[in-house]
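Each chain is listed here by its residues.
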There are 4 protein chains.
Amino acid sequence: MAIEGSKNQKHSGRIRYGMVGGGQGAFIGAVHRIAARIDDKYEFVAGALSADPAKAKASGQELGLSSDRIYSDFQIMAKAEAKRADGIEAVSIVTPNHMHYPVAKAFIEAGIHVICDKPLSLNLKEGKALAALLKKNPKVIFALTHNYSGYPMIRHAQAMVQAGELGDIRLVQGEYPQDWLATDLEKTGQKQAAWRTDPKRSGAGGCVGDIGTHTYQLGCFVSGLEATELSAELTSFVKGRKLDDDVDVRLHYKGGAKGHIWASQVAVGHENGLKLRVYGTKGGLEWVQADPNYLWFTPLGGEKRLITRGGAGSGPSSARVTRVPPGHPEGYLEGFANIYTEVARAIEAKRAGKKLDKEVQFPGIADGVAGMAFIEACVKSSAKNGKWIKV
Amino acid sequence: MAIEGSKNQKHSGRIRYGMVGGGQGAFIGAVHRIAARIDDKYEFVAGALSADPAKAKASGQELGLSSDRIYSDFQIMAKAEAKRADGIEAVSIVTPNHMHYPVAKAFIEAGIHVICDKPLSLNLKEGKALAALLKKNPKVIFALTHNYSGYPMIRHAQAMVQAGELGDIRLVQGEYPQDWLATDLEKTGQKQAAWRTDPKRSGAGGCVGDIGTHTYQLGCFVSGLEATELSAELTSFVKGRKLDDDVDVRLHYKGGAKGHIWASQVAVGHENGLKLRVYGTKGGLEWVQADPNYLWFTPLGGEKRLITRGGAGSGPSSARVTRVPPGHPEGYLEGFANIYTEVARAIEAKRAGKKLDKEVQFPGIADGVAGMAFIEACVKSSAKNGKWIKV
Amino acid sequence: MAIEGSKNQKHSGRIRYGMVGGGQGAFIGAVHRIAARIDDKYEFVAGALSADPAKAKASGQELGLSSDRIYSDFQIMAKAEAKRADGIEAVSIVTPNHMHYPVAKAFIEAGIHVICDKPLSLNLKEGKALAALLKKNPKVIFALTHNYSGYPMIRHAQAMVQAGELGDIRLVQGEYPQDWLATDLEKTGQKQAAWRTDPKRSGAGGCVGDIGTHTYQLGCFVSGLEATELSAELTSFVKGRKLDDDVDVRLHYKGGAKGHIWASQVAVGHENGLKLRVYGTKGGLEWVQADPNYLWFTPLGGEKRLITRGGAGSGPSSARVTRVPPGHPEGYLEGFANIYTEVARAIEAKRAGKKLDKEVQFPGIADGVAGMAFIEACVKSSAKNGKWIKV
Amino acid sequence: MAIEGSKNQKHSGRIRYGMVGGGQGAFIGAVHRIAARIDDKYEFVAGALSADPAKAKASGQELGLSSDRIYSDFQIMAKAEAKRADGIEAVSIVTPNHMHYPVAKAFIEAGIHVICDKPLSLNLKEGKALAALLKKNPKVIFALTHNYSGYPMIRHAQAMVQAGELGDIRLVQGEYPQDWLATDLEKTGQKQAAWRTDPKRSGAGGCVGDIGTHTYQLGCFVSGLEATELSAELTSFVKGRKLDDDVDVRLHYKGGAKGHIWASQVAVGHENGLKLRVYGTKGGLEWVQADPNYLWFTPLGGEKRLITRGGAGSGPSSARVTRVPPGHPEGYLEGFANIYTEVARAIEAKRAGKKLDKEVQFPGIADGVAGMAFIEACVKSSAKNGKWIKV
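Conventions and cut-offs
- Residues numbered from 1 in each chain as written.
- Chains lettered and ligands numbered in written order.
- Predicted model: local features only at pLDDT ≥ 70, side-chain atom pairs only at ≥ 80, totals over all residues.
- Helix = DSSP H or I, 4+ residues; strand = E, 2+ residues; numbered from the N terminus.
- Rg over C-alpha atoms; globule rule 2.2 N^0.38 Å.
- Contact = placed C-beta atoms within 7 Å.
- Buried ≥ 20, exposed ≤ 12 C-beta atoms within 10 Å, placed from the backbone.
- Nonpolar A, V, L, I, M, F, W, Y, C, P; charged D, E, K, R; others polar.
- Pairing = 2+ DSSP bridges.
- Axes fitted to C-alpha atoms, helices over the stretch in contact; angles between N-to-C directions.
- Least-squares fit on C-alpha atoms with pLDDT ≥ 70 in both.
- Expected span 1.5 Å × (residues − 1).
- Parallel < 35°, antiparallel > 145°, perpendicular 65-115°, else oblique.
- Domains from an automatic or database assignment.
- Right-handed = clockwise from strand over helix to strand, strands pointing away.
- Left-handed = near helix turned anticlockwise from the far one by under 90°.

Chemist: In this structure, what is going on with the overall build of chain A? I would like to understand it.
Modeler: A count of helical and extended segments in chain A gives 12 helices and 14 strands. Against the compact-globule benchmark of 21 Å for 391 residues, chain A has a radius of gyration of 21 Å, which places it among compact chains. For chain A, the spread of C-alpha atoms along the principal axes amounts to about 65 × 55 × 40 Å. Counting only contacts in chain A whose residues sit at least 6 apart along the sequence, the fraction spanning at least 24 positions is 70%.

Chemist: Just to check I follow, could you spell out unusual backbone geometry for this structure?
Modeler: With the exception of glycine, most residues fall at negative phi, and the peptide bonds are largely trans. Omega for the bond connecting Lys-118 of chain B with Pro-119 of chain B falls within 30 degrees of zero, at -10 degrees, which places this linkage in the cis form. In this structure, Pro-119 of chain B sits in the loop between strand S4 (113-116) and helix H5 (124-136). Of note, Asn-385 of chain A is a non-glycine position whose phi angle comes to about 65 degrees, a positive value. Residue placement: Asn-385 of chain A occurs in the loop between helix H12 (365-383) and strand S14 (389-390). Non-glycine residue Asp-40 of chain B carries a positive phi angle of around 65 degrees. The residue Asp-40 of chain B is located in the loop between helix H1 (28-38) and strand S2 (42-48) in this model. A tally of 20 C-beta atoms within 10 Å means that Asp-40 of chain B is categorised as buried.

Chemist: Could you clarify how one ought to interpret the interface of chain D and chain A in this entry?
Modeler: Where the parts come together, the accessible area they lose is often given as the size of the interface. Across the contact, 38 residues belong to chain D and 38 residues belong to chain A. Broken down by secondary-structure element, the contributors of at least two residues to the side of chain D that touches chain A are helix H1 (28-38), helix H2 (53-62) and helix H11 (332-352) of chain D. Of all the elements, H1 of chain D adds the most residues to the side of chain D that touches chain A, at six residues. Partitioned by chemical class, the residues of the side of chain D that touches chain A number 13 nonpolar, 14 polar and 11 charged.

Chemist: Can you help me understand the sheet that holds strand S4 (residues 113-116) of chain C in this one?
Modeler: Neighbouring strands of a sheet are bound in pairs by backbone hydrogen bonds; such pairs are parallel or else antiparallel. Residues and elements named next belong to chain C. Spatial strand order, S2-S1-S3-S4-S5: five strands in an open sheet with parallel pairing. The outermost strands of the open sheet, each flanked by one partner alone, are strand S2 (42-48) and strand S5 (142-144). On average, each strand axis in the sheet is inclined to that of its neighbour by 20 degrees, with strand direction left out of account. Where strand S1 (residues 15-20) and strand S3 (residues 90-93) come together, four bridges link them in parallel fashion. Within S3, the position partnered with Tyr-17 by the bridge is Ala-90. In the packing of helix H1 (residues 28-38) onto the sheet, the strands contacted are S1, S2 and S3, and the crossing angle to S2 comes to about 155 degrees.

Chemist: Which parts of the structure should I look at to understand the relation of the copies chain D and chain A?
Modeler: Applying a rotation about an axis and a shift along it to one chain copy brings it onto the other copy. At an RMSD of 0.0 Å, chain D and chain A line up after a rotation of 180 degrees and a shift of 0.0 Å along the axis. On the angle and the small slide along the axis, the relation comes out as a two-fold axis. The C-alpha atom lying nearest the rotation axis in chain D is that of Gly-331 of chain D; the distance is 2.5 Å. Most of the interface of chain D is mirrored in chain A, where 100% of its interface residues again form contacts.

Chemist: Hey, could you run me through the interface of chain B and chain A in this one?
Modeler: On the side of chain A, 29 residues touch chain B, which itself brings 29 residues to the contact. Those elements giving two or more residues to the side of chain B that touches chain A turn out to be strand S6 (169-177), strand S7 (227-235), strand S8 (246-253), strand S9 (258-264), strand S11 (283-288) and strand S12 (294-299) of chain B. If one sorts the elements of the side of chain B that touches chain A by residue count, S9 of chain B sits on top with four residues. The residue makeup of the side of chain B that touches chain A, split by class, is 11 nonpolar, 10 polar and eight charged.

Chemist: Can you help me understand the relation of the copies chain B and chain A in this one?
Modeler: When chain B is brought onto chain A, the operation consists of a screw motion whose angular component is 180 degrees and whose axial shift is 0.0 Å, with 0.0 Å RMSD remaining. Of the residues that chain B buries at the interface, 100% are likewise interface residues in chain A, meaning the two copies contact each other through the same surface.

Chemist: I keep staring at the sheet that holds strand S5 (residues 142-144) of chain B and nothing clicks. Help me out?
Modeler: Residue and element names in this part refer to chain B. The strand order S2-S1-S3-S4-S5 describes an open sheet built from five strands, whose pairing is parallel. Two strands lie at the open edges of the sheet, namely S2 and S5, each paired on one side alone. The average angle at which neighbouring strand axes cross in this sheet is 20 degrees, direction not considered. Pairing analysis gives six bridges linking strand S1 (residues 15-20) to S2, with the strands arranged parallel. In the sheet register, Met-19 faces S2, and the bridge partner there is Gly-47.

Chemist: What should I look at first to understand helix H12 (residues 365-383) of chain C in this one?
Modeler: An α-helix turns once per 3.6 residues; consequently, residues spaced three or four apart project the same way. All names here are of chain C. Across its 19 residues, H12 extends 27 Å between first and last C-alpha, which sits within 8% of the 27 Å expected from 1.5 Å per residue. Burial within H12 is extensive, with 14 of its 19 residues counted as buried. Downstream of H12 by a residue or two, Asn-385 has a phi angle that is positive, lying close to 65 degrees.

Chemist: How should I be thinking about the packing of helix H4 (residues 100-109) of chain A against helix H5 (residues 124-136) of chain A in this particular structure?
Modeler: Axes are the key here: two packed helices are described by the angle between their axes and the distance separating the axes. Residues and elements named next belong to chain A. Where H4 contacts H5, the two axes come as close as 10 Å, and the packing angle between them is 5 degrees. Taken together, the axes of H4 and H5 lie roughly parallel to each other. The segment H4 lies against H5, with Tyr-101, Ala-104, Lys-105 and Ile-108 engaging Glu-126, Leu-130, Leu-133 and Leu-134. In the contact of H4 with H5, the residues fall into six nonpolar, no polar and two charged.

Chemist: Would you explain the domain arrangement of chain A in this entry?
Modeler: Residue and element names in this part refer to chain A. Domain annotation of chain A identifies domain 1 (15-147) and domain 2 (151-323 + 368-390). A straight line from the C-alpha centre of domain 1 to that of domain 2 covers 26 Å. Here the side of domain 1 that touches domain 2 gets four residues from one element, more than from any other, and that element is H5. When its residues are assigned to classes, the side of domain 1 that touches domain 2 shows eight nonpolar, seven polar and two charged.

Chemist: When you look at the environment of Val-343 of chain A in this model, what are you seeing that I'm missing?
Modeler: Residues and elements named next belong to chain A. Relative to the elements of secondary structure, Val-343 occurs in helix H11 (residues 332-352). Note on Val-343: 28 C-beta atoms within 10 Å, which makes it buried. Each C-alpha atom of the pair Val-343 and Val-278 lies 27 Å from the other, and the pair is 65 residues apart in sequence. Those residues in contact with Val-343, other than ones at most four positions away along the chain, are Ile-115, Ile-141, Ala-143 and Phe-362.

Chemist: How should helix H6 (residues 152-162) of chain C be read in this particular structure?
Modeler: By the criterion of burial, H6 of chain C is predominantly enclosed, with nine of the 11 residues buried. Three or more residues of H6 of chain C are buried, namely Pro-152, Met-153, Ile-154, Arg-155, His-156, Ala-157, Gln-158, Met-160 and Val-161 of chain C.

Chemist: What exactly am I supposed to notice about the pairing of strand S9 (residues 258-264) of chain C here?
Modeler: On a regular strand, one side chain projects to one face of the sheet and the next to the other, so that they alternate. All names here are of chain C. Of all seven residues in S9, six are buried, a share of seventy percent or more. One ladder, built from seven bridges, connects strand S6 (residues 169-177) with S9; its direction is parallel. Bridge pairing in S9 places Glu-175 opposite Trp-262. Taken together, the seven bridges between strand S8 (residues 246-253) and S9 define a ladder with antiparallel strand orientation. Residue Asp-248 lies in a different strand from S9, and its bridge partner there is Trp-262. Counted between consecutive antiparallel strands, the loop separating S8 from S9 contains four residues, among which Gly-255 sits at a positive phi close to 95 degrees.

Chemist: I'm lost on the pairing of S1 of chain B in this one. Help?
Modeler: Counting buried residues in S1 of chain B gives five out of six residues, a clear majority hidden from the surface. In this view, the connection linking S1 of chain B to its parallel neighbour S2 of chain B by way of H1 of chain B has right-handed handedness.

Chemist: Got a minute to help me understand the environment of Gly-331 of chain B in this structure?
Modeler: Within the fold, Gly-331 of chain B resides in the loop between helix H10 (316-319) and helix H11 (332-352). Separated by 162 residues in sequence, Gly-331 of chain B and Ile-169 of chain B place their C-alpha atoms 28 Å apart. In this structure Gly-331 of chain B touches Pro-292 of chain B together with Pro-329, Glu-330, Gly-331 and Glu-334 of chain C, once residues within four positions along its chain are discounted.

Chemist: Teacher, can you tell me more about the packing of helix H5 (residues 124-136) of chain D against helix H12 (residues 365-383) of chain D here?
Modeler: All names here are of chain D. Relative to each other, H5 and H12 sit at 165 degrees, their axes nearing to 9 Å. The angle between H5 and H12 falls in the class roughly antiparallel. As for the relative orientation of H5 and H12, their crossing is left-handed in sense. Across from Leu-124, Gly-127, Lys-128, Leu-130, Ala-131 and Leu-134 in H5, the residues of H12 making contact are Ile-365, Gly-368, Val-369, Met-372, Ala-373 and Glu-376.

Chemist: Hey, could you run me through the environment of Gln-361 of chain D in this one?
Modeler: As for its placement among the helices and strands, Gln-361 of chain D is situated in the loop between H11 and H12. Taking C-alpha positions, Gln-361 of chain D is 10.0 Å from Thr-341 of chain D, a pair spaced 20 residues apart along the chain.

Pasting the structure below:
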């Protein structure tokens, strides 16, 4: 279970990283920073935490950055850091969606690894441009924080599917109900609500972009399936809301499996009710994000079994991303940290010129582009009354 | 809580009833008989328990019927019982679907009340014919055993919606996963599987007819909403199966609310996983059939609350259909019995020439016709790639 | 699963039974009557439902008894029914505890089978007297409604222990928290609270007698263990209450296993929170009365497994006392009915002069005497500061 | 929710700390280090990670310590660090129990703050000696990692009790079942099992010292009650085990409340099943460590309510120790981190010469001494057949 110094090697030095976005009042930036710290693989040394110079400075000071590495312009930061001998090796992008593309572009071009919040970009076109750019810059590692795929029991679920314990997959049922936008919160000035319901900053998808993509990515991650087409209905239940706050998607996967996603921001009583169920010819799985240390598995004709993180029945793919014994819960931050640590392993391998262990996995540009394609297909299908659209 | 002799009145004599179907080897017949006994409102006195005379006789003797009231022909039974001074006042129809129509017709025409298993008939046409027949025979009471609407906490959920505690309903999420048909059980000779996957005996809907209709009826019952159109995808995951074993339905209700139903017979790990969730502008509800004594309610911005049958927060609409104190679970049979007891109240009111109490409710011909319309629309929509079809 | 006519035999005629206690305003009488009806083994034909003649009459009429079989004196009833050719074969005793002994005595002496509510009597002396009386009347069947031992999953738990699936039992943990007496309800005139907190009608144990005995009996039933000594602390948390409303008991069983019981009537938030856990060298079990269709089992070193009534992993000992398929919950009344049906099998065997099937089991006089010994030992131990007392 | 830089102040520099114990192969040392990192309040700079110089060196290098600050002798470390201008301000003690006292003594005498794993010491005498030593060294902060009291919902539970929402407390029910010592694991050479079942390294209590003290401390923390006397039964179920592996304790609190603790290391099916229930005249609470983001509360006569960390109904005392929104689970490490962060606040206040905010709380020397008194009383009571012993 020991992730720090996991291979009894001498400590090779933390990865220097910076951050764009995530200043005072932001939410996800702090999550990224904690995630980076948990396994002690990173050192936070630079930031353009806000585009507002005063706020950038206050935020940077609060977080202990040297004053010469507090920026308010990400372009300047990318260039300056690329030049320094002790410059950052990686950057975390935690801005609203519309800034992902320009920021990622600047750092990729500066040869700096990127850890970007999801969804990838404002639209599919930008996403494809980033993919092309990365092709030209093969030394740059790009990670997308679809953090739920970092949960140990999700890793184990994936391993069970791969080992054939579910047989041929027939059905993938994903849902992600929330209720924080059940009222027109965006009109109250709440910062998160404001940008997430604004097409200019979020893109064409509201709920579908924010949490629909998470659900979609997780279903693909665990089942190993690839979607071919979808039919979607997007709804804005709250009057005057510009983007969808509820989405219902049917999916067809290669090989005949089917899927369904329901994501909602108006389902009163749910906080972050992400749930994934996968059914095959030989068994069924169920996992709930709010109780992430449990994985339910029923073999065909057998009893329901509760597999616990680190407990009986959980194997090496979850053990390598776990820290504490079974019965002591790990949570959201540890799952998020697993993404950071997996990326660190990739960076360390690059540093050392070694091949990356096969078991290391984190969502990357392909997941990002797939997510943007998913959003676009959903929006298009919904506009056409649920017509089936190729993904 | 005392349902027997609930109004301190003198016992007025049990309702004499008979049964068509439900002989040895059947499942639902015994359920109906227990349901009829629980509150002591019925006396079982006649039956055409099988079309096979030997089996009908053996079944009838086993259940203690007089030999002169053991029939093998339901037509003869209807006529004979109608003539007797002590003839049955009601009949329960517990045959496969294709027999519902002819049997119901015979008894309605004989002036005998009918309690019919669901779905109503083989197709919508038959269902409408029964509705027309009942219009001509206004003295005949017709009940359809959508038994889930008999559960006390479902009654309370309906009452909460009616009282406005959820505000305007936005979303109705119903699901009913099972796994008993995850393999081609019908090929093993299993009787239930054989007829339920056979279009000649089940009608055009397999999973959608058997459990999809239950889910649909329950959603309408609790929410009070009426569907206007639907889009459906029916799938037969098991090779060679003639009817659907999985169904995904989108619903539009009058007034703008939306709904979704997922029912499946191949979802490994689920026994009878019926679950209903209703979300409004002011609150959300959740109920699970396997744990029917609980109703989850979250008021907007408040804590999740667990309302228990008979416990704090549960009101008169559930109390009148409950028998034991909170914490002592009631189950499927008691819910089923509530339908029988509600019908008994209606029959007693007819006997006495009194108006029926408003609070008495049980599913009837309208629910049956709606169910058949639902099945037909689902089949049609699925054949057209999920096109929206008026219900 | 078919309990009615379970062996494809011709119906042999219901068992005629009567009741003492259980008139208007009572609780447990109605439960007994429903339990007797569920499997159609009994016919309710006589009653001394109240000692008050007017109330006895009204109650009897409401329940459809012939006027000549409505009694207000149980002694007269016992004699009159014993004389009739169509007299009752069995009587249910559902009075407060202090009446159990005299009523049971009268009917045993009249040669009528007795189904008695628990605890057996007002004190151990009475209990032993009944045991002696039954020895002299070996034709009389005596059953005590420790109804929880009728739950299918409790039967399965017992079978698992007997099959050695838990190895040697080390620990039995029983608890039964309630909250209905968290205030001085007995002072409001509530009938149940009044007699259950009154030593003259309840005996020396309050909480310990009412629900402590249930917990004790259930632990012995499942584990197969016999207690040798106990240490108890009884508390009356509510001021002015004459009997205990909370009890904590340590148990030593033959062979070295240990046990613990906590029962409370003041644990706010619990309705009928009976829970039993049994731990052995090879596995552990957990069962909760409010969710009785589930049995948790963990084999040493294995995953937790959820065994469901009628589902995978549940065997013949639960199947023979179950009626509906897995996923359709059975509850308190069905568990109670199982006791009645088991007794009916015993009565039918007596009628037929046949030996009783070994698998038939119901709590009897020995359980009753053990329960009284348990209460007395608890009271004694508590008075001596928790001193260990032989049971 | 922002714990890092929580008051918009400039970063004041991390607290330099070291560690004694926690080298390769240890468990709890890594937990402490992660806990120290999560909120970025500490910098790990020195260690005597093992008494074996080679192992100490390897462990120190792996964790990135400078070679001049890798020690194998804690006495030398204490003196050396006390002399350095950049010496550690705090030390974490994560050795087996018998080393707590000498190590703590050395660092207290060196004027270095101590964060010590629980239980405090090998016996009560040592504990009292440490208390006396701290009295003489008032500048030294001493914290004991009863980490469960760092969970947000435990903080909220405490706040609810303090606010009177439960009324007068009547009952505290704590349990902590585990199953890792259900077999004689100590004979296999497993390091954790070996020292925890060895009186020389663990002290007189096995299960009671390891997890019994946690349960006891948590019950006192939440209820605010102080125990006056106890009656205990300690059992060693596994043959040949020198210390108890199961403990049953009755508690009397000042003012008349009562308590019960069951802790076990042989309860098959439990990983770390710590559960606390508190009942008062006006309400009841329930919390389970494995699902720590939930707190159940039932007001007398009301519905059960599920309060979630950060969600509706959870107040400021939990909010100040929480990082992510409701529905995104926090776990064991975050709870542990809260203890570290609270201690950091105390150290920062000392540094600044400021008074500590009242809301800051962490277990200290008093809890440690109380825990040792608890163990000693349990051992004594058990030896005398459960006699009541003053605490």
